[in-house]
2 protein chains.
Amino acid sequence: MDSITTREQDYSQWYLDVLAAAGLCDYSPVKGCMVLKPHGFAVWDLIRNELDRRFRDTGHVNAYFPLLIPVSFLSKEAEHVEGFAKECAVVTHHRLRAAEGGGVEPDPASRLEEPLVIRPTSETIIWHMYGQWIQSWRDLPILINQWANVVRWEMKTRPFLRTTEFLWQEGHTAHATSAEAQAEARQMLEVYASFARDFLAIPVTEGVKSASERFAGAVDTYTIEAMMQNGWALQAGTSHFLGQNFAKAFDVTFQSATGEREHVWATSWGVSTRMVGAIIMTHSDDTGLLLPPAVAPIQVVLTPIWKTDAEKATTLAFADEVRAALGARFRVKLDDRDQLKPGAKYFEWERKGVPLRLEIGPRDVAARSVFAAVRTGGKKYGIPFEGVADAVAAALDGVHTELYRRAAERRVQRTLRVESYQEFKERLEGGGFFLVPWHDDAAWEARIKEETRATIRCFPLEGQEEAAGKVCFASGRPATHMAIFARAY
Amino acid sequence: MDSITTREQDYSQWYLDVLAAAGLCDYSPVKGCMVLKPHGFAVWDLIRNELDRRFRDTGHVNAYFPLLIPVSFLSKEAEHVEGFAKECAVVTHHRLRAAEGGGVEPDPASRLEEPLVIRPTSETIIWHMYGQWIQSWRDLPILINQWANVVRWEMKTRPFLRTTEFLWQEGHTAHATSAEAQAEARQMLEVYASFARDFLAIPVTEGVKSASERFAGAVDTYTIEAMMQNGWALQAGTSHFLGQNFAKAFDVTFQSATGEREHVWATSWGVSTRMVGAIIMTHSDDTGLLLPPAVAPIQVVLTPIWKTDAEKATTLAFADEVRAALGARFRVKLDDRDQLKPGAKYFEWERKGVPLRLEIGPRDVAARSVFAAVRTGGKKYGIPFEGVADAVAAALDGVHTELYRRAAERRVQRTLRVESYQEFKERLEGGGFFLVPWHDDAAWEARIKEETRATIRCFPLEGQEEAAGKVCFASGRPATHMAIFARAY
């Protein structure tokens, strides 16, 4: 089996090796598109189910809008088309015909009058529909989410983190007032942040984007930023307050309770399969994948150990009992394969990120106990069969807590302060979140990006008061914000 | 509110009216593509969750393959390209640019070297990947399912039944032997058939397609055919034994246990959002939508009735108790809207297909009981609060049973026998499944389709022995099959 490059040696290669060793995804014959293999898809499915539950709990419902969008729709919001036109897959024909010399080609007679783009995001088509659904304040709010695939033609791709096609959810809400829409955008940011912490064991920084990093068409873009193990940032989810921009572009108005016509207020918010990349880059180690229990398709693997046929019968029988005792509460796999030695099984399940392994040998059967190996490390320990489910729950909680602790500690250690732009440039290669006083200025921001490839990840929601009386680390002018600069995926 | 055309008056218009009155879907600005509104999407979501469970129970796992397929892949299987080339959305560019005179257009500089099609189905890209995943018999079977959107450019569309884009699942399995693959194809047909009966209350006929109605690239196509209220057939799901066709097209071989190289055997199987259309056309009535309880997003609606503020307080309080008593077992909606009279509420929820309504007026509060109105009809009746959950369960079971009974009775009554092609032509307009002895012959089949627009829906799996000694109703030659002819959606 292929070995995994260490993080120390080459962080980017380590990431690809972890993916391959765990069997999460594969490259496809279509440039920039990946295949989500069953193990990788199962992680996404767990993310999806839990987020869907949290969306419902906050009053949202699911719907589905078309994949294809007329190109003219994209042009209706000026910034939006600017942001997405350069990366659109364009459908121009609706039929193939036999080509001379074999094969098929687009049939020229089937050229579309108006080309269609595959949705890069769905604001335009959804606001077209909302225009038909909204007449009065009684039709508001609309709180819709969509689970879908989208396509953005990317030149440089990396599995999960940046792919031409990806899976995501996109919430699109319509409101009668600005305040309500802003509260919605902030609420969904909180949903994402608490989900990342409680479910993925990823501490995130909540903040607002600078004007140049905003979503194309948004008034404010809120973000959760996670720190990867190399100190780079990964934007793990965004929530946008869209103001009335899309309502104006698609002329969506409503009659208020007092009889006036007003444009509708909007939000949109999304997370994608890149969250799977965030999980891997936050938690995995040089052994391979390490999954937080809540998103582990297999939370507990049982590995019976035997030498003789008689031992095989008794260890398998006991393993079956253990599985039955755990099955209702946990996702359990009993690895009863004959052809693999125990060591090879341990190796395989460790690389697949299973948080807890329970070894069951003849002596364990005799003692009616199992031997627990926790994927985050530490001494192996015995668990008596009585109460095994509670002990497993505790072990899994322990994995979550330990993963969160490590990530949080890393974030504290690598949130850095610098006195000058010079110092920033010198220390940037080491990675980390650079928390600096900043005078908001798009020209300076562009220069820093150009010179260092670092970007403003966000103005954190907490601690902005610290900017008062400080000067910008770059321009020396009075600070308007505290900003986090970092290299990012 | 718009009225619903009766089935008697105009069955096609009735269907569209039911959809609109229930708020299941809407037309989109993209030809042939519809919007699944929240109520319609929720029905699909319930279908999806239950099928997904049944797929897992039969050993399948989910994965995800790219939306876009190189056109050359489509050509690799001769019948497959023949079947799908004429209805493919073709992506030819990956960027838009500003057009003269405003708007945007495909940027000629972004033309793709090889055009891509949006998947009409995924056999080709999946078998390309399986070619990389399969080396030995140890890699088999592969039992993968995918939930996805697909696009087939349709000229004549009808919401849910035939749309350019639709949502579906497609299973794609790979096996070491023909027998195993055939058993898989038959197993999945059974999964679909029992799902249709037990979950959707739709009796279906299981059968095999004639050669001309087969999936493009299949050796055998199995189908479940449902009878709509106008006597037309609707193909509600198909399961294909693909033989080695795709394995040969993509050169996918495996080393058997005895060391030989053999081509892999395949199946694929799918159901789509057209199942929602089947539900509507099977069960709904002139009042509007009527949903089987298992796929009703709202199974029970509580409608409190009050005149005074004091009555409002007590009926709402009691309705809340009822909701709490039902909430854990059923999908319940408490309609506490002020602005609507009870009659208007009844009307609305009936049109939305809610199987059971519980009315709660001041006298019901006093008696601590509710008044049940079942959507399938019958006298309203009181249910005491004690044991309300069990009574609701019984009422919902009753709705399912009644819906199934009605559909099964209709199928029996309208499964027709004819003595001659002449009689067939005369009676066809009345609808129904024509069960006839048939001498398999593609030319005759094409002639019948041309002359009557009726097609062979299937050769039913049960009752084929009846063909022995009979002559074909059309050609008069010795019968090879019992066939069902019908007009179909």
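Residues numbered from 1 in each chain as written. Chains lettered and ligands numbered in written order. Predicted model: local features only at pLDDT ≥ 70, side-chain atom pairs only at ≥ 80, totals over all residues. Heavy atoms only, no water.

1. Side note on the overall build of chain A
Going by this rule: A run of H or I in DSSP becomes a helix once it reaches four residues, and a run of E becomes a strand once it reaches two; helices and strands are each numbered from the N terminus. We compute the radius of gyration from the C-alpha atoms alone; for a globule the expected value is 2.2 Å times N to the 0.38, where N is the number of residues. Three exposure classes are used, based on accessible area relative to the maximum for each residue type with a 1.4 Å probe and protein chains only: buried under 20%, partly exposed in between, and exposed over 50%. In what follows, residue pairs with any heavy atoms lying within 4.5 Å of each other are defined as contacts. Counting rule for charge: Lys and Arg are taken as positive, Asp and Glu as negative, and neither His nor the chain ends is counted. To locate a charge, the coordinates of NZ of Lys, CZ of Arg, CG of Asp or CD of Glu are taken.
Helix and strand counts for chain A come out as 14 helices and 27 strands. Its C-alpha radius of gyration of 26 Å places chain A within 12% of the 23 Å reference for a compact globule of 489 residues. Counting only C-alpha atoms and orienting by the principal axes, one finds that chain A spans roughly 80 × 65 × 55 Å. In chain A, which comprises 489 residues, the proportion classed as buried is 60%. Partitioning the intrachain contacts of chain A with sequence separation of at least 6 by distance along the chain shows that 70% fall at a separation of at least 24. When the 57 positive and 64 negative side-chain charges of chain A are each reduced to one mean point, those points stand 3 Å apart.

2. Some remarks on the layout of surface pockets
Regions of empty space are outlined by a rolling probe, equal in size to a water molecule, passed over the atoms. Applicable threshold: Site definitions follow a grid-based scheme: protein atoms alone, a 1 Å grid, a 1.4 Å probe that fits but cannot get out for cavities, and for pockets an open set with protein on both sides within 12 Å along at least five of seven lines, plus lining residues having an atom within 4 Å of a point. Grid points are joined across faces, edges and corners, and a volume is the space filled by probe spheres set on the points. Under the scheme applied here, ten amino acids are nonpolar (Ala, Val, Leu, Ile, Met, Phe, Trp, Tyr, Cys and Pro), four are charged (Asp, Glu, Lys and Arg), and all others, including Gly, are polar.
Taken as a whole, the largest pocket holds about 2,300 Å³ of empty space. What lines the largest pocket is a set of 48 residues, among which Pro38, His39, Glu348, Trp349 and Lys352 of chain B lie closest to the centre. Breaking the lining of the largest pocket down by element, the ones donating at least two residues are strand E3 (61-62), helix H5 (123-133) and strand E9 (142-151) of chain A together with helix H1 (11-22), strand E1 (25-27), helix H2 (38-57), strand E19 (332-334) and helix H10 (342-351) of chain B. With seven residues, H2 of chain B is the largest single contributor of residues to the lining of the largest pocket. A class-by-class count of the residues in the lining of the largest pocket yields 22 nonpolar, 10 polar and 16 charged.

3. Brief notes about the interface of chain B and chain A
As a reminder of what qualifies: Buried area adds together the accessible area that both of two parts lose upon being put together, with accessible area traced by a 1.4 Å probe. Here, a salt bridge means any Lys or Arg side-chain nitrogen found within 4 Å of an Asp or Glu carboxyl oxygen. Whenever a nitrogen or oxygen atom comes within 3.5 Å of another N or O atom, the pair is scored as a polar contact, on the condition that within protein one atom can donate a hydrogen and the other can accept it, and that pairs from neighbouring residues in sequence are kept only if both atoms are in side chains.
On the chain A side, the residues contacting the 63 residues of chain B number 62 residues. It is Tyr64, His94 and Leu96 of chain B in chain B that bury the most area against chain A; as a group they hold 13% of the surface buried on that side. Summed over the shared surface of chain B and chain A, the number is two salt bridges. For the pair chain B and chain A, the number of links is 24 residue pairs in polar contact (both at pLDDT 80 or more).

4. Description of the sheet that holds strand E5 (residues 90-93) of chain A
Formally: Note: two strands are recorded as paired if DSSP finds a minimum of 2 bridges between them. Helix axes use the C-alpha atoms of the stretch in contact, all axes being lines fitted to C-alpha atoms, and the angles between their N-to-C directions lie in the range 0 to 180 degrees.
Taken together, the six strands give an open sheet; going across it, the order is E4(A)-E8(A)-E5(A)-E5(B)-E8(B)-E4(B), and neighbouring strands pair in antiparallel fashion. A single partner strand is all that each edge strand has here, and the edge strands are strand E4 (68-70) of chain A together with strand E4 (68-70) of chain B. On average, each strand axis in the sheet is tilted by 45° relative to the strand beside it, whichever way the strands run. The sheet contact formed by strand E5 (residues 90-93) of chain B and strand E8 (residues 111-118) of chain B spans three bridges and is antiparallel. Bridging from a neighbouring strand, His93 of chain B pairs with Arg111 of chain B of E8 of chain B.

5. As for the pattern of salt bridges
Applying the stated rule across the entire model yields 66 salt bridges over all chains. Note that Glu348 of chain A and Arg337 of chain A form a salt bridge whose closest N and O atoms lie 3.2 Å from each other. Of this pair, Glu348 of chain A sits in helix H10 (residues 342-351) while Arg337 of chain A sits in the loop between strand E19 (332-334) and H10, and the two are 11 residues apart along the sequence. A relative accessible area of 25% means that Arg337 of chain A is categorised as partly exposed. A salt bridge links Glu451 of chain B to Arg447 of chain B, with the nearest nitrogen and oxygen atoms 3.0 Å apart.

6. Observations regarding the side chain of His439 of chain A
All names here are of chain A. Position of His439 among the secondary structure elements: in the loop between strand E25 (433-438) and helix H14 (442-452). Residue His439 is classed as buried on the basis of its relative accessible area, which comes to 18%. Every residue in contact with His439, bar those within four places of it in the chain, is listed here: Cys472, Ser475, Arg477, Pro478, Ala479 and Thr480.

7. Quick notes on the domain arrangement of chain A
It is common to give the size of an interface as the accessible area lost on bringing the parts into contact. Residue and element names in this part refer to chain A. Rules: Note that the domain bounds reflect an automated or database-derived domain assignment.
What the domain assignment reports for chain A is domain 1 (11-90 + 116-283), domain 2 (298-401) and domain 3 (415-486). One C-alpha centre belongs to domain 1, the other to domain 2; they are set 39 Å apart. Between domain 1 and domain 2, the residue contacts involve eight residues of the former and four residues of the latter. Roughly 570 Å² of surface becomes buried between domain 1 and domain 2 when both sides are summed, with 53% attributable to carbon and sulfur atoms. Taken as a group, Ala21, His39 and Leu46 account for 60% of the area that domain 1 buries against domain 2, more than any other trio of residues on that side. Here domain 1 and domain 2 share zero salt bridges between them. Counting every contact that joins domain 1 to domain 2 gives three residue pairs in polar contact (both at pLDDT 80 or more).

8. Describing the relation of the copies chain B and chain A
For clarity, the threshold we go by: Alignment of copies: least-squares fit on C-alpha atoms of residues with pLDDT of at least 70 in both copies.
Taken as rigid bodies, chain B and chain A are interconverted by a rotation of 180° and an axial shift of 0.0 Å, the fit giving an RMSD of 0.0 Å. The transformation just described matches what one would write down for a two-fold rotation axis. For chain B, the minimum C-alpha distance to the rotation axis belongs to Val91 of chain B and amounts to 2.1 Å. Same-surface contact between copies: 98% of interface residues of chain B are shared with the interface of chain A.

9. Focus on empty space enclosed by the protein
In total, this model carries five cavities of 30 Å³ or more according to the counting rule given. Contributing to the lining of the largest cavity are 20 residues, with Arg48, Trp147 and Ala148 of chain A together with Arg48 and Trp147 of chain B lying nearest its centre. Listed by contribution, the elements that provide at least two residues to the lining of the largest cavity are helix H2 (38-57), E9 and strand E10 (165-175) of chain A together with H2, strand E9 (142-151) and strand E10 (165-175) of chain B. Broken down by class, the residue content of the lining of the largest cavity amounts to 14 nonpolar, two polar and four charged. Within this model, the second largest cavity holds a volume of roughly 70 Å³. Going through the elements one at a time, strand E2 (34-36) and E10 of chain B are the ones with two or more residues in the lining of the second largest cavity. A total of three residues in the lining of the second largest cavity trace back to one element, the largest contributor, which is E10 of chain B. Partitioning the lining of the second largest cavity into residue classes produces six nonpolar, two polar and one charged.

10. Some details on the packing of aromatic side chains
The description of an aromatic ring pair rests on the distance of the ring centres and on the angle between the ring planes. All names here are of chain A. To keep things clear, this is the line we draw: Centres within 6.5 Å are what make two rings of Phe, Tyr or Trp a pair, Trp counting through its six-membered ring; a difference in plane orientation under 30 degrees is then read as stacked, over 60 as edge-to-face, and the rest as tilted.
One pass over the structure, following the stated rule, counts 50 aromatic pairs over all chains. Ring geometry for Tyr130 versus Trp133: centroids 5.8 Å apart, planes at 45°, classification tilted. Note that Tyr130 and Trp133 are positioned in helix H5 at a spacing of three residues, about one turn of the helix. Under the relative-accessibility criterion, Tyr130 is labelled buried at 0%.

11. Focus: the sheet that holds strand E24 (residues 415-416) of chain A
The strand order across the open sheet formed by 11 strands is E3-E9-E10-E16-E13-E12-E11-E26-E27-E25-E24 (chain A), and the pairing between neighbours is mixed. With partners counted over all chains shown, the strands left at the sheet margins are E3 and E24 of chain A, one partner each.

12. Topic: the side chain of Asp107 of chain B
With respect to the element layout, Asp107 of chain B can be found in the loop between strand E7 (104-106) and E8. Once residues lying within four places of it in the same chain are set aside, the contact partners of Asp107 of chain B are His93, Arg95, Leu96 and Arg97 of chain B.

13. A few points about the environment of Arg274 of chain B
All names here are of chain B. Considering the arrangement of structural elements, one finds Arg274 in helix H8 (residues 274-283). In the structure, Arg274 is positioned 109 residues away from Ile383 in sequence and 37 Å away in space, judged by C-alpha atoms. Once you skip the residues sitting within four places of it in the chain, Arg274 turns out to touch Phe160, Leu161, Arg162, Leu234, Gln235 and Tyr489. Among the polar contacts listed, one links the side chain of Arg274 to the backbone oxygen of Tyr489, at a separation of 3.4 Å.

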